[in-house]
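Chain and residue survey
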Amino acid sequence: MPGDVGPRAANAVEVEDLSVRYRTADGWFTAVSDFSLTVSSGQRVAIVGESGSGKSSVCMALAGLLPLGAAVEATTARIIETDLTARPTRAIPYQVPGVSVVFQNAMNALDPVWTVGSQLGTAIRGRGATSRARARVLAGEWLERVGIRDPARVLRARPYELSGGMRQRVMIAIALCSQPELLIADEPTSALDVTLSVDLLELITSLTADLGTTLLMITHDIGLCRAYSDRVVVMHRGRVVEQGDTEQVLAAPSADYTAALLACAPSLAQLNDHRLTTMVGVS
Ligand SMILES: Nc1ncnc2c1ncn2[C@@H]1O[C@H](COP(=O)(O)OP(=O)(O)OP(=O)(O)O)[C@@H](O)[C@H]1O
């Protein structure tokens, strides 16, 4: 099983006035402006907002994974021990030490050619000197830890031979086996059904709690946000419209946009009980 977890920084994320721009055929497009966020170590923070509001742009900027042609600026951008403002935009993409990412679709994130054992073993060996044989044992243990019942078979399998839920579990194991200080999860369950989404969010939050890993996740599902985050950041058109304690914000939103988002985006788990309403007149 994984070894000791070292001391954690007081704040995993300190960002002030972050902006993200993309170069397009029509010139520069500003996707995110004036984004500020502080996440203390061990907190679980959800970023919510409609499609195109800039959630992924923020998270990929913090992970150093924006595409070439993107420009990031900030007054402060400290992720764990790394000062992102010291990194030139031309260096994108880069690895931010202590940060792991779980993406929405494991099929796109995992390599179809290599077996799960090879990919998970490589991630484990990336942490430090470990023999191939030892990495294989640890890989099997990590698969069990993420709820895979037949690890020996899955270690030999290639990603396309697994179900979508199993692939997400494998990606969670790959992301967490390095015992990161910060896990960024970009809609980690949105391609899965409701029951599986809840199971995987339970898994992610219990493993990150065990490891002392801070969680920054994007979700469209307000029910999952309510159940699995301590703080919520609401984004609209590239800006933060509201942020605070999840229970408080969801119970008594101060921004009209948040109220409208809550009215039109109930949890998938509640869809049987609610009629969707239409968002109108929100600017
Ligand atoms: N590589 C890119 N080049 C140009 N524009 C981009 C690029 N990536 C994102 N955008 C634009 O930036 C804006 C924010 O996109 P982003 O993906 O960050 O939003 P989002 O809230 O994560 O959306 P979704 O929930 O659909 O993933 C959108 O208008 C999007 O079209």
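Residues numbered from 1 in each chain as written. Predicted model: local features only at pLDDT ≥ 70, side-chain atom pairs only at ≥ 80, totals over all residues. Heavy atoms only, no water.

All right, on to the overall build of the chain then. Across its full length, the chain carries ten helices and eleven strands. Compactness check: the chain gives a C-alpha radius of gyration of 19 Å against a globular reference of 19 Å for 283 residues, within 12% of the reference. On the principal axes, the C-alpha backbone points of the chain span a range of 60 × 50 × 40 Å. Long-range contacts, defined here as pairs at least 24 residues apart, represent 66% of the contacts in the chain between residues at least 6 apart. As presented, the chain carries roughly 13,400 Å² of accessible surface, and 49% of it is formed by carbon and sulfur atoms. (Helix = DSSP H or I, 4+ residues; strand = E, 2+ residues; numbered from the N terminus. Rg over C-alpha atoms; globule rule 2.2 N^0.38 Å. Contact = heavy atoms within 4.5 Å. Areas by Shrake-Rupley, 256 points an atom, 1.4 Å probe, with all protein chains shown as cover.)

Now for the nonpolar core. In this structure, Leu120, Ile124, Trp142, Leu143, Val154, Val170 and Ile172 are the most contacted members of the largest nonpolar core, which totals 48 residues. Contact partners of valine 170, with chain neighbours within four places excluded, come to Leu110, Val116, Leu143, Ile148, Val154 and Leu162. One finds Leu18, Val39, Tyr94 and Leu216 within the second-largest nonpolar core, a separate group that totals 35 residues. (Core = buried A, V, L, I, M, F, W, Y, C linked by side-chain atoms within 4.5 Å. Buried < 20%, exposed > 50% of the residue type's maximum accessible area, 1.4 Å probe, protein only.)

This part takes up helix 1 (residues 55-63). The buried fraction of helix 1 amounts to eight of the nine residues, a majority that puts the element mostly inside the structure. For helix 1, every residue scored as buried is listed here: Lys55, Ser57, Val58, Cys59, Met60, Ala61, Leu62 and Ala63.

In terms of domains, the chain is made up of domain 1 (8-97 + 181-283) and domain 2 (99-177). The C-alpha centroid of domain 2 is placed 25 Å from the C-alpha centroid of domain 1. Taken together, the contact pairs 27 residues of domain 1 with 16 residues of domain 2. Taking both partners together, domain 1 and domain 2 bury about 1,800 Å²; carbon and sulfur atoms supply 69% of that area. For the pair domain 1 and domain 2, the interface holds one salt bridge. We note a salt bridge from aspartate 210 to arginine 145, for which the minimum N-O separation is 3.9 Å. Mapped by element, the contributors of at least two residues to the side of domain 1 that touches domain 2 are helix 1, strand 8 (182-186) and helix 7 (194-211). Here the element with the most residues in the side of domain 1 that touches domain 2 is helix 7; it accounts for nine residues. The residue makeup of the side of domain 1 that touches domain 2, split by class, is 20 nonpolar, three polar and four charged. (Domains from an automatic or database assignment. Buried area = accessible area lost by both parts, 1.4 Å probe. Salt bridge = Lys/Arg side-chain N within 4 Å of Asp/Glu carboxyl O. Nonpolar A, V, L, I, M, F, W, Y, C, P; charged D, E, K, R; others polar.)

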